Amino acid sequence: MNDKRTTVLGTEPPEMAKASGVKNGDEHYQQLRRLGGMAHQVRAATRAADHFVAQESAQDHETASWLVSICLTVAEEVAGELDVLAKGLKDRPPETGLMHPLQKLRTLAHQFHAAARAADHFLDQDSGEDHGTGSWLIACAMGLADRLANALDDLASQLKRPGAAEVFGNENPARRTVPGLNIKGMVV
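None of these values were measured; they are calculated from a predicted model.

(A) Spotlight on the overall build of the chain. For the chain, the count of helices and strands is six helices and zero strands. Element order for the chain, N to C, with α for helix and β for strand: α-α-α-α-α-α. Per-residue burial over the chain gives 39% buried out of 188 residues. Pairs at least 24 residues apart make up 69% of the contacts formed inside the chain by residues separated by at least 6 positions.

(B) Local environment of the packing of aromatic side chains. For the coordinates displayed, the defined rule picks out zero aromatic pairs. Its guanidinium or amino end placed over the ring of Tyr 29, Lys 160 lies 4.7 Å from that ring's centre, counting from NZ or CZ.

(C) Inspection of the nonpolar core at higher detail. The biggest cluster of nonpolar side chains holds 43 residues, and the ones touching the most others in it are Leu 32, Leu 82, Leu 105, Phe 112, Leu 148 and Leu 152. When contributions to this core are tallied by element, the ones reaching two or more residues are helix H2 (24–53), helix H3 (58–90), helix H4 (99–123) and helix H5 (128–160). Contact partners of Phe 112, with chain neighbours within four places excluded, come to Val 42, Thr 46, Cys 71, Ala 75, Ala 141, Leu 144 and Ala 145.

(D) Structural detail: empty space enclosed by the protein. Within this structure, the stated rule accounts for three cavities of 30 Å³ or more. As for the largest cavity, its lining consists of Met 38, Ala 39, Val 42, Val 74, Ala 75, Val 78, Phe 112, Ala 145 and Leu 148. When contributions to the lining of the largest cavity are tallied by element, the ones reaching two or more residues are H2, H3 and H5. Within the lining of the largest cavity, the residues separate by chemical class into nine nonpolar, no polar and no charged.

(E) The environment of Ala 149, seen in detail. Here Ala 149 lies in helix H5. Measuring from C-alpha to C-alpha, the distance between Ala 149 and Arg 43 comes to 7.4 Å, with 106 residues separating the pair along the chain. Discounting chain neighbours no more than four positions away, the residues touching Ala 149 are Ala 39 and His 40.

(F) Structural context of the packing of H4 against H5. Relative orientation of the contacting elements H4 and H5 amounts to 160°, with a least axis distance of 8 Å. Classified by the interaxial angle, the pair formed by H4 and H5 is roughly antiparallel. Considering the relative orientation of H4 and H5, their crossing is left-handed. Taken together, the residues of the contact of H4 with H5 sort by class into 21 nonpolar, five polar and two charged.

(G) Structural context of the pattern of salt bridges. As enumerated under the stated definition, the model contains four salt bridges in all. Between Asp 146 and Arg 43 there is a salt bridge; the shortest N-O distance is 2.6 Å. Taken as a pair, Asp 146 in helix H5 and Arg 43 in helix H2 lie far apart in primary sequence, 103 residues in all. The exposure class of Asp 146 is partly exposed, given its relative accessible area of 31%. For Arg 43, a relative accessible area of 26% gives the class partly exposed. We note a salt bridge from Arg 106 to Asp 83, for which the minimum N-O separation is 2.6 Å.

(H) Representation of the packing of H3 against H4 within the structure. In contact at an axis separation of 8 Å, H3 and H4 are set at 155° when each is read in the N-to-C sense. As judged from the angle between their axes, H3 and H4 are roughly antiparallel. In this structure, the crossing between H3 and H4 has a hand that is left-handed. Its residues assigned to classes, the contact of H3 with H4 comprises 19 nonpolar, four polar and six charged.

Conventions and cut-offs
Residues numbered from 1 in each chain as written. Predicted model: local features only at pLDDT ≥ 70, side-chain atom pairs only at ≥ 80, totals over all residues. Heavy atoms only, no water. Helix = DSSP H or I, 4+ residues; strand = E, 2+ residues; numbered from the N terminus. Buried < 20%, exposed > 50% of the residue type's maximum accessible area, 1.4 Å probe, protein only. Contact = heavy atoms within 4.5 Å. Phe/Tyr/Trp six-rings, centres within 6.5 Å; stacked < 30°, edge-to-face > 60°. Lys NZ or Arg CZ within 6 Å of the ring centre and 35° of its normal. Core = buried A, V, L, I, M, F, W, Y, C linked by side-chain atoms within 4.5 Å. 1 Å grid on protein atoms, 1.4 Å probe; cavity = no way out; pocket = protein on both sides within 12 Å on 5 of 7 lines; lining within 4 Å. Points joined across faces, edges and corners; volume = space filled by probe spheres on them. Nonpolar A, V, L, I, M, F, W, Y, C, P; charged D, E, K, R; others polar. Axes fitted to C-alpha atoms, helices over the stretch in contact; angles between N-to-C directions. Parallel < 35°, antiparallel > 145°, perpendicular 65-115°, else oblique. Left-handed = near helix turned anticlockwise from the far one by under 90°. Salt bridge = Lys/Arg side-chain N within 4 Å of Asp/Glu carboxyl O.

Rendered as structure tokens:
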């Protein structure tokens, strides 16, 4: 399959997982792992952009700008897929326990997308001051990409642990969070 969403870590897109009879917990795990893989790719590209923007040649600055535009595209896809996942879970009571951690992931994904979009804009300008702002925004985006990738990994790991279905599927609002789930630096 040549769909751009086919595989990042060798997993299938959610609609394919449904068709093959994968359980919801496994489906969410696979989707979070795939999105985590994309977030790790974005983190690496942002780190590379940060390196190239610090160089002195115009060619290196163009490379940084190109890398940021790639990050912007992938960040938009990750944020959009997290939005769709959250919307799909909203009306499924057994899985409402995923909503709180997922909301944090959505916030981070949208923050990263905004930082990458702003960096892309400023890097395309002609003034040195704008390039400095773009460079600073790349550094901000790099931190957000790191937090997003780690948070996606953490939530996917929580889904794979024994007993996670009980904790995430419980309707008691007091138990809607997974004990020990520490998603660093997220806005609550």
